[in-house]
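So the chains spell out like this:
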Amino acid sequence: MDDPLTVVRVGPSVCHQCRDSLPADQEERGHTDTCTCSFFYERRVKMSHQTGINATSELKEFLAQARGGAIRIMKIVIRNEELVLDSYREPAQSWDKDYDHFLLPLLTHQEPCYILYRLDSQNAQGYEWIFIPWSPDQSPVRQKMLYAATRATLKKEFGGGHIKDEMFGTVEDDVCFQGYLRHMTSCSSPAPLTTAEQQLQQIKVTEDKVVWDERRRIGTPTARARVTMEFGLDKRAQTLQGLAFPLQEEAKRALQQLKQRCINYIQLRLDVEKETIELVHTKPTETHELPFRIPSDSPRYHFFIFKHSHQGQRQEALVFIYSMPGYTCSIKERMLYSSCKNRLLDEVEKDYHLEVNKKMEIDNGNDLTEDFLYEEVHPMEHTLKQAFTKPRGPGGKRGNKRLIKGVGENGEES
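Notes on the structure in this doc start here. Treat the numbers as computed from the prediction; the structure is a model and nothing was measured.

Rules used in this analysis
- Residues numbered from 1 in each chain as written.
- Predicted model: local features only at pLDDT ≥ 70, side-chain atom pairs only at ≥ 80, totals over all residues.
- Heavy atoms only, no water.
- Pairing = 2+ DSSP bridges.
- Helix = DSSP H or I, 4+ residues; strand = E, 2+ residues; numbered from the N terminus.
- Axes fitted to C-alpha atoms, helices over the stretch in contact; angles between N-to-C directions.
- Contact = heavy atoms within 4.5 Å.
- Phe/Tyr/Trp six-rings, centres within 6.5 Å; stacked < 30°, edge-to-face > 60°.
- Buried < 20%, exposed > 50% of the residue type's maximum accessible area, 1.4 Å probe, protein only.
- Lys NZ or Arg CZ within 6 Å of the ring centre and 35° of its normal.
- Salt bridge = Lys/Arg side-chain N within 4 Å of Asp/Glu carboxyl O.
- Expected span 1.5 Å × (residues − 1).
- Arc of directions from axis to C-beta.
- Right-handed = clockwise from strand over helix to strand, strands pointing away.

## Quick notes on the sheet that holds strand S11 (residues 300-310)
Either a parallel or an antiparallel arrangement is found when strands of a sheet pair, and the pairing is made through backbone hydrogen bonds.
Thought 1: What the five strands build is an open sheet, ordered S10-S9-S11-S12-S13; its pairing is mixed. Edge positions in the sheet fall to strand S10 (276-281) and strand S13 (358-362), since each has one partner strand and no second. Averaged over neighbouring strand pairs, the angle between their axes works out to 30° when direction is ignored.
Thought 2: Here strand S12 (residues 313-323) runs beside S13; their pairing, made up of five bridges, is parallel. Its bridge partner lying in S13, Val 319 is registered against Lys 358.
Thought 3: Packing against the sheet, helix H10 (residues 249-259) makes contact with strand S9 (265-271), S10, S11 and S12, and its axis sits at approximately 160° to S9.
Thought 4: Lying on the sheet, helix H11 (residues 331-351) is in contact with S9, S10, S11, S12 and S13; it crosses S11 at an angle near 50°.

## Description of the packing of aromatic side chains
Thought 1: Summed over the entire model, instances satisfying the criterion amount to 14 aromatic pairs.
Thought 2: Measuring from centroid to centroid gives 4.9 Å for Tyr 99 and Tyr 117, while their planes differ by 65°, and the two rings are edge-to-face. Within this pair, whereas Tyr 99 is found in helix H4 (residues 95-103), its partner Tyr 117 is found in strand S6 (residues 113-123), the two being separated by 18 residues in sequence. For the pair formed by Tyr 99 and Tyr 117, the shared burial category is buried.
Thought 3: Seen in terms of ring centroids, Tyr 99 and Tyr 180 are 6.1 Å apart; in terms of plane orientation they differ by 25°. Their pairing is stacked. Placement of the pair is Tyr 99 in helix H4 and Tyr 180 in helix H7 (residues 177-188), with a sequence separation of 81 residues. When sorted by exposure, Tyr 99 lands in the same class as Tyr 180, which is buried.
Thought 4: An aromatic cluster of three or more residues is present, and its members are Trp 95, Tyr 99, Tyr 117, Phe 177 and Tyr 180.
Thought 5: Its guanidinium or amino end placed over the ring of Phe 158, Arg 67 lies 5.8 Å from that ring's centre, counting from NZ or CZ.

## Here's the deal with the pattern of salt bridges
Thought 1: Applying the stated criterion to the full structure yields 13 salt bridges.
Thought 2: In this structure, the salt-bridge partner of Glu 249 is Lys 252, at a minimum N-O distance of 3.8 Å. Here the residue Glu 249 and the residue Lys 252 both occupy positions in helix H10, the gap between them amounting to three residues, near one helical turn.
Thought 3: On the basis of relative accessible area, Lys 252 is assigned to the partly exposed category, the value being 29%.
Thought 4: A salt bridge links Glu 361 to Lys 341, with the shortest nitrogen-to-oxygen separation between them at 2.4 Å. Pair noted here: Glu 361 is in strand S13 and Lys 341 is in helix H11, with a separation of 20 residues, a long-range link.
Thought 5: The class of Glu 361 is exposed, set by a relative accessible area of 54%.
Thought 6: When salt bridges that share partners are traced, they join Arg 72, Asp 98, Arg 118 and Asp 120 into one network.

## Regarding helix H3 (residues 57-70)
Thought 1: The terminal C-alpha atoms of H3, which comprises 14 residues, lie 19 Å apart, in line with the 20 Å expected from a rise of 1.5 Å per residue.
Thought 2: Those residues of H3 that fall on the buried side of the exposure criterion are Leu 59, Phe 62, Leu 63, Ala 66 and Gly 69. Axial view of H3: buried residues confined to an arc of 110°, hence all on one face. Those residues of H3 that are exposed and angled more than 90 degrees off the buried face are Glu 61 and Gly 68.
Thought 3: Against strand S3 (54-55), strand S4 (73-79), strand S5 (82-89), S6, strand S7 (126-134) and helix H5 (141-158) lie the buried residues of H3.

## Some thoughts on the pairing of strand S8 (residues 163-166)
Thought 1: With three bridges connecting them, S7 and S8 associate as parallel partners. Pairing of Trp 129 across the sheet is with Ile 163, part of S8.
Thought 2: In this region the chain leaves S7, passes through H5 and returns to the parallel neighbour S8; the handedness of that crossover is right-handed.

That is the geometry; function is a separate question.
So this is what it looks like as structure tokens:
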């Protein structure tokens, strides 16, 4: 009968590290334990019952006895192509105190094995166990493969419902008590998040903080209920359009001056700590100076009176500009500026009776030229209708023209 793991003729495909050191006869037959790099040309493994290795009858009886709770730990090995019991120990103290004292002496650095360790907890089927396949780095490759292929057979013989955790180990630090605690922590921790998931999580945390800050700022129960309805039950980003920060007194006076045309430019910012809209400055600004008023590192609100000539007449248009310089700002700033924008425009139009002719959002001021503003305020309308054209007749030959019969000089028809 063939071996459970048979390496057939390797020939010239043996790895270059081992080919030079092999005797000629062994190179023809193939090699197993002498080649540690596992660069084999072909492997043939018997797959009936994994490797074809089963537990002995004595081991099956012992496993049934151990499931009752009389055994704390047992070591199982493969000998003569059979799963046999190597050693075992009965409980002495609690499972955590017995762990290192019982487990570590059973591990050898040259031979793989299986360790079954009983916990003190129970489930519906009985005591819970830890299954530890031990495969040290120094063991031969053939044994590693043999134990790896037989692992499922042993779990089936013992009963997978009794196994709470499975922990693979190659060094003692992997399977000691501290290693088991690290394994449990790793299993219970959430999976790592992608960059997009991290950004969404940060947005959700910021949204929750903004909601509670707004509730705390508004003291009455009715106002708190209104905030809850405005933010929505699921608190998604698009429901934050109702957030409103009050205008600072200097900002209110600047809007009154803008209404009276005493000034032509206003720049506003959000004070996140005070939760107010503050005035930055109202410097007189010409159209060619407007791009230099846009900050490159922080968001702003801008109101600008665009003076221009349209169809031969001098006109003025109030333009609102919301500048957000890309992702150089924090997520909280981007969310707050976007949320307060609509409420600010409503207050400007209703309370200060300022008609905003054009609203735009930009990430930098490079495009704020006079031509760009003109096209935004007066977009080109394609109002000319296409003139009706008579359709052409069918293509191709239409035949000869018809001849009209007439009467000849002698009264004959021509």
